[in-house]
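# Structure assessment
Next come the chains, spelled out residue by residue.
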Amino acid sequence: MQITPEALEAEFSLTTAATRLDFLSRRDNGDTALNTVRDEDADSWTTLLHDQTTLDVHESLELLALGEVIARKAHDSQLVGIRAALRGGAGWEDIAAALGVTPQQAWDSYTESVGRQLDADAAASARELAGTRPGR
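For clarity, every value in this text was computed on a predicted model and none was experimentally measured. (Residues numbered from 1 in each chain as written. Predicted model: local features only at pLDDT ≥ 70, side-chain atom pairs only at ≥ 80, totals over all residues. Heavy atoms only, no water.)

### Examining the pattern of salt bridges
For the coordinates displayed, the defined rule picks out nine salt bridges. Glutamate 9 is the salt-bridge partner of arginine 72, the closest N and O atoms lying 4.0 Å from each other. Pair noted here: arginine 72 is in helix H4 (residues 57-87) and glutamate 9 is in helix H1 (residues 5-11), with a separation of 63 residues, a long-range link. What makes arginine 72 partly exposed here is its relative accessible area of 28%. Assessed through its relative accessible area of 26%, glutamate 9 is described here as partly exposed. Two residues, aspartate 22 and arginine 26, come together in a salt bridge whose shortest N-O distance is 2.9 Å. Note that aspartate 22 and arginine 26 are positioned in helix H2 (residues 14-27) at a spacing of four residues, about one turn of the helix. Residue classification places aspartate 22 among the partly exposed residues on the basis of a relative accessible area of 34%. (Salt bridge = Lys/Arg side-chain N within 4 Å of Asp/Glu carboxyl O. Helix = DSSP H or I, 4+ residues; strand = E, 2+ residues; numbered from the N terminus. Buried < 20%, exposed > 50% of the residue type's maximum accessible area, 1.4 Å probe, protein only.)

Pasting the structure below:
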């Protein structure tokens, strides 16, 4: 089985994917050395102090794919958040500040998500909720 975001996206919820990503990222020591050899006494308990955990190739690829799954799911959740904010009376300035972008970028991202994620009737309603594109 090839590890891809598409394969893992169907398998993991956002919460489960984030938990697994956190687990894998904590297991790796971040060492960049290849094939290091230590000459230590195998019978000494102090060798346990030097044990480092590194991810194998399968786990490393899973970590990368999970990061992409989480990014995609988080991006898709923006539509829900923006619609809720608009229904609650937030303006594009407030929404843009929460996303760390300009109001124009927030509106553009929202309308792109509406077209990609919603059926025609829901998209029309969502576009009406958005109003006109904010000016500069």
